[in-house]
Amino acid sequence: MEMIHESDSTQELNVKFYPELFLQRRIWILNILRKGNITRVLDVGCGEGQIIGVLCQPAPWLTPPPLSILPPIKPSTSPDNTVPPSPIYNDDEVPNLHMREVHGLDISDADLAFAVSAITPPEEEIETVLSPGYRSFYRGVQRWEELLAKIWKGGLEVTNEEFVNIECIISTEVIEHLPEPIFSAFAPMLLGVYHPKFLLVTTPSYTFNARFTPPDSPRSARNGYPDPTGRTDRIFRHSDHKFEWTKDEFETWCDETAKEWGYDVERTSIGRPLELDPWGRDEELEGASSVAVFRRRGDMDNKRREDQGRARIQELALSRDPHEALAVHNHAANPAAMRPKSLSEIADSVKSKMEEFREAFIRVEEIWFEPTIGTSCGGWIELLVRAVEESPDLNMKRDVDGVVMKQSSMWSIELVGAVGFPANCWSNEANTSVDYIPPDWTPGEGPLDSWDDSDAEGSTGIEGDVSAFTSDNDGDEESDSGTTTWKKRSEWKESLDREADEKTRSGWGVSGGWGASDMERSWSNHIPSASSSTAGWDGDESGDTTS
């Protein structure tokens, strides 16, 4: 056990989290929304709209198409049956959110101005004729489903009929800010009048606050804010907190509230520090935020919940102005959504793009984000997979050396008979690009995911969270001599010129590979120059680095 000097007992400990505590809460919320296939959400106390801004982002593709669009195919005829045909794409990974309706409610004018901005649709891009080989996957995700987003100003104690029977309500780091009369309306309004399928609640755990000081430390060692109500001698994390519950107090409130309004509740905590507590209190103190999921039961009629809630709100007699809709935005879906082309036309589009990009292999998700590909599929990525499977010109690569990859996001498409342009334009001595990722790397495994505790710095963030930030040392890679290891532009150009004569490019115009075709005649023995429409592939005459 680490030795603690006597003087240390008067100092607050530096507690670090990774990811930052507010991000851990957000991840917890988003995971529950995904698992429950939630499409309609109200964020009570939305603040600046950090969560609803995320919810307004479009899903990259639609949910799997119905059988009328993509009927099942015959079982695989492969002898070992190692590659299953046409599975649901991404079914084995984190599902996407498919939001249809998002509401944000708060009382702060300053915060709501940011929330309005968070739900505002992006400006429409002007259609332009792009140069051959231009990659557009970085331009943003197309929207395949309509979304209604609204920002409201008002108190939660005021009934808003649009929220009745909403699918899910989020209340993250809100209840501890509510004065007693308003807090009395919290459960009757949210679980009674609105009676959602899910209510997600997070609040600071006072039990965890002991982690900020050594045991038996004097009261003066704890930085924070005395209980403004005077009901306790507790030191809170934020000046506006009206209470901070212990884990037992939170559990009691959750159980009583769930029982009264006909809900099941699961309580836990999130936000464990990076380092173990020197005094071994981690299991006792749990996480920095107490969290709970309320799930509506079917043994209580919704009309009964609603009537009971409205009666309780009327008894409280809290008079406030009705909610004001500050912003209403309809995010329109792509007109091509759910209107796919034929599988042969989709395959032709893929083949054409790969020839344009001079790619023998391309990741499924990289080609998907080319607008012409997504629109030809009507937003269904499963149609892209099936089109590749049935095309004689394309091959779906789900395996590496015969081993099937579990993550469909790692699948790639092969252009049959093609030999790709060398992807690594750097010499072996200078391959230090921060964008380089090994092709066989799996997220969550290997040296790229290692974490050095020294990169985390403690700080006090929103709501008094003591959080860790990753290192801000994002400078260029340097050699031992202190100079950058990037190749000079002239050296890079010379290297590419030499590579142009090597056999690795023979498939793009020399004998074999493509055969006699328009592509062969176009690319035969030719390196694009800066004056051509493909400038940037082998040296940008403007002096900028190439993409």
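Residues numbered from 1 in each chain as written. Predicted model: local features only at pLDDT ≥ 70, side-chain atom pairs only at ≥ 80, totals over all residues. Heavy atoms only, no water.

- Per an unreviewed UniProt entry, the protein chain carries the name Small RNA 2'-O-methyltransferase and comes from Psilocybe cyanescens.
- You can read under Catalytic activity (unreviewed entry) in the UniProt record for the protein chain the words "small RNA 3'-end nucleotide + S-adenosyl-L-methionine = small RNA 3'-end 2'-O-methylnucleotide + S-adenosyl-L-homocysteine + H(+)".
- Recorded in UniProt for the protein chain, the comment headed Cofactor (unreviewed entry) runs: "Mg(2+)". (UniProt positions renumbered as here; feature names shortened; annotations may be inferred.)

1. Things to note about the nonpolar core
Taken as a class, soluble globular proteins show a tendency for nonpolar side chains to be buried jointly.
(1) Moving on: Residues Phe186 and Phe294 are the most contacted members of the largest nonpolar core, which totals 35 residues.
(2) Moving on: Residue assignment for this core shows that the elements contributing at least two residues are β1 (40-44), α4 (180-184), α5 (186-193), β5 (198-204), α6 (247-261) and β9 (289-296).
(3) Moving on: At 6 residues, α5 tops the list of elements feeding residues into this core.
(4) Moving on: Sequence-distant contacts of Phe186, that is, excluding residues within four places in its chain, are made with Leu156, Ser171, Ile175, Leu178, Leu191, Leu199, Val201 and Trp253.
(5) Moving on: Trp61, Ile381, Val385 and Ala418 belong to the second largest nonpolar core, which has 31 residues in total. (Core = buried A, V, L, I, M, F, W, Y, C linked by side-chain atoms within 4.5 Å. Buried < 20%, exposed > 50% of the residue type's maximum accessible area, 1.4 Å probe, protein only. Helix = DSSP H or I, 4+ residues; strand = E, 2+ residues; numbered from the N terminus. Contact = heavy atoms within 4.5 Å.)

2. Section: the environment of Arg304
(1) Moving on: Position of Arg304 relative to the elements: it lies in helix α8 (residues 302-316).
(2) Moving on: Measuring from C-alpha to C-alpha, the distance between Arg304 and Val193 comes to 9.4 Å, with 111 residues separating the pair along the chain.

3. So, unusual backbone geometry
(1) Moving on: Cis rather than trans, the peptide bond between Tyr18 and Pro19 has omega equal to -5°.
(2) Moving on: Looking at where Pro19 falls in the secondary structure, it is placed in the segment before α1 (21-35).
(3) Moving on: Not every positive phi belongs to a glycine, and His195 is a case in point at roughly 35°.
(4) Moving on: For His195, the position within the fold is in the loop between α5 and β5.
(5) Moving on: Among the residues examined, His195 registers a relative accessible area of 3% and is labelled buried.
(6) Moving on: A positive phi angle is found at Arg358, which is not glycine, with a value near 55°.
(7) Moving on: By the secondary structure assignment, Arg358 is in the loop between α9 (343-357) and β11 (361-363).
(8) Moving on: Residue Arg358 is classed as buried on the basis of its relative accessible area of 4%.

4. Looking at the sheet that holds β11
Within a sheet, adjacent strands bond to each other through the backbone by hydrogen bonds, running parallel or antiparallel.
(1) Moving on: Strands sit in the order β11-β15-β12 across an open sheet of 3 strands; the sheet is antiparallel. In the strand order of this sheet, the two ends are held by β11 and β12 (394-397), each with one partner. Neighbour-to-neighbour, the strand axes of the sheet open up by a mean angle of 25°, direction not taken into account.
(2) Moving on: With 3 bridges connecting them, β11 and strand β15 (residues 412-415) associate as antiparallel partners. (Pairing = 2+ DSSP bridges. Axes fitted to C-alpha atoms, helices over the stretch in contact; angles between N-to-C directions.)

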